[in-house]
Amino acid sequence: MIKAITGTKDILPNEISDWKHLESIVNTIFTSFNYKEIRTPIFEETSLFARGIGEETDIVGKEMYTFIDRSGTSVTLKPEMTASVVRAFIEHSLGKLQPLNKFFYISPMFRQERPQAGRQRQFHQFGGEALGSTSPLLDAELIIIAYQILISLGLKDLTVKINSLGIPASRENYKKLLRDYLKDKKHKLSEDSRKRYDMNVLRIFDSKVESDQEILKDAPLIIDHIDEESKRDFEIVKEILDKSNIPYEIDPKLVRGLDYYSKTTFEIISGKVGSQSALCGGGRYDLLVEQLGGTATPGVGFAAGIERILLACENEKSLNIPAENIDLYVVKLDENLSSEVFDLGLKFRKENLAVEFDYLNRSVKAQMREANKLKARFVLFVGGDEYKSGKLNLKNMSTGDQQLIQIPDAGIISEIINSHIHSDSKEK
Ligand code: AMP
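Residues numbered from 1 in each chain as written. Predicted model: local features only at pLDDT ≥ 70, side-chain atom pairs only at ≥ 80, totals over all residues. Heavy atoms only, no water.

J.: For this particular structure, what's the right way to read the overall build of the protein chain?
T.: The helix and strand tally for the protein chain stands at 16 helices and 16 strands. At 28 Å, the protein chain has a C-alpha radius of gyration far larger than the 22 Å of a compact globule built from 428 residues. Principal-axis analysis of the C-alpha atoms places the extent of the protein chain at approximately 95 × 50 × 45 Å. Evaluated residue by residue, the protein chain yields a buried proportion of 50% over its 428 residues. Excluding contacts between residues fewer than 6 apart, the proportion of contacts in the protein chain whose partners are at least 24 apart in sequence is 69%. Entry remark: accessible area of the protein chain is about 21,700 Å², with carbon and sulfur atoms responsible for 51%. Looking at charge distribution, the protein chain has the averaged site of its 58 positive side-chain charges lying 2 Å from that of its 64 negative ones. (Helix = DSSP H or I, 4+ residues; strand = E, 2+ residues; numbered from the N terminus. Rg over C-alpha atoms; globule rule 2.2 N^0.38 Å. Buried < 20%, exposed > 50% of the residue type's maximum accessible area, 1.4 Å probe, protein only. Contact = heavy atoms within 4.5 Å. Areas by Shrake-Rupley, 256 points an atom, 1.4 Å probe, with all protein chains shown as cover. Lys, Arg positive; Asp, Glu negative; His and termini not counted. Charge placed at Lys NZ, Arg CZ, Asp CG, Glu CD.)

Following this line, the structure appears as structure tokens:
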């Protein structure tokens with residue numbers, strides 16, 4: 001039997017209502033902040049990610065799905081979205097159309113990581129990017145958006161962590177300080193951290209090895225060594241979060257894995273998804289556009305992992321999305337009426353009702369069972385004496401009321417059903 005590739009998952013019909021619910025919240029909230037959706041290709045030239053994310057990162061160094069296509073070009077399935085959004089922004093000169101561009105996206109991503117609960121090789125992210133302003137209002141806005149989406153999904157056990165990495169110049173000074181601090185302890189670090197010491201010393205903070213964390217206990221912290229401008233911006237972000245009643249913690253060790261961040265970084269953690277607890281992460285990247293060949297344009301953004309968020313929702317039992325009803329089930333009472341039932345089904349489907357009927361020559365009892373299983377709002381009986389006398393019997397499944405409708409007047413059936421759906425949704 002051929003199975004789905006390790007680390008990939010089918011999203012089956014019984015899970016789709018949760019996905020759609022999440023996607024509709026993402027759409028609504030981003031739209032209310034005037035972010036516009038953007039969709040970019042699944043694969044890009046490998047050099048985009050190598051240049052954009054940084055050669056020394058885990059993503060570029062060991063996780064990308066990269067291959068040479070038949071024309072000899074090295075292409076990569078996108079491991080994250082920011083580089084692609086920035087590529088599209090530059091390619092289409094979007095910065096010339098308006099000074100500030102706010103984008104959001106929902107997209108699959110690909111990273112060859114070791115699969116475990118909450119960590120896949122094809123996974124999905126939604127996220128937002130604001131390009132064109134250094135204002136910390138946007139940093140705060142994106143944290144608010146991410147938080148509001150998670151709260152709207154009913155999640156409660158959330159921690160927002162923020163930090164500031166400063167501008168590159170102050171960060172370089174800090175890196176020297178950190179290297180100096182670690183110099184005589186280097187031999188005690190784990191192998192991975194020793195590699196990071198030379199390549200990307202900040203990332204040692206991400207180490208999961210306890211002895212590494214012990215060594216880092218008294219390390220100088222980046223937040224104490226950032227420049228004045230970054231300090232001021234960080235204060236503004238905190239003020240806005242305070243005013244917006246968003247509880248947060250300052251985590252001076254939150255350095256994030258990617259090279260392109262500067263100033264604010266943030267993560268939202270769930271207490272309910274085990275070791276892969278980060279639901280969302282982001283920060284400011286004022287140099288990325290220029291680094292990728294565009295006119296210098298500041299930016300800030302975040303990405304959130306949909307599978308992990310849905311896992312947190314499941315563990316907090318926060319979603320209670322009822323299975324979708326169908327509007328009408330057409331029951332065939334006489335075997336020879338198949339084509340009439342088919343035509344009636346087609347007629348109501350054209351009027352945008354969700355309609356089903358039997359294709360398997362099942363008994364009337366089995367058809368009714370199916371109608372109940374599908375949670376049909378109405379059942380239309382076609383056949384018997386009523387049909388011979390030119391009528392159809394429409395049954396409202398929630399009240400049990402039945403009404404006879406003359407076949408030439410069948411058009412009113414969709415009106416009846418629609419007004420029922422309308423009053424149903426009003427009650428909710
Ligand atoms: P990152 O782009 O690494 O900052 O990740 C942002 C978010 O995407 C994380 O907080 C996770 O929720 C999610 N994520 C990252 N990698 C994976 C993965 N391999 N599987 C599932 N979700 C992921």
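J.: I would appreciate a short explanation of the sheet that holds strand E2 (residues 43-45) in the present structure.
T.: Note on sheets: strands pair through backbone hydrogen bonds, and any given pair is parallel or antiparallel. Strand order in this open sheet of three strands is E2-E4-E3, and the pairing throughout is antiparallel. Looking along the sheet, the strands with just one partner apiece sit at the ends: E2 and strand E3 (66-68). Taken pair by pair, the neighbouring strands of this sheet meet at an average axis angle of 35°, ignoring direction. One ladder, built from three bridges, connects E3 with strand E4 (residues 74-77); its direction is antiparallel. Looking at E4, one finds that Phe67 is bridged to Val75. Of the strands in this sheet, E2, E3 and E4 touch helix H2 (residues 46-53), which is tilted by about 75° from E2. (Pairing = 2+ DSSP bridges. Axes fitted to C-alpha atoms, helices over the stretch in contact; angles between N-to-C directions.)

Taken by themselves, the reported measurements are silent on function.
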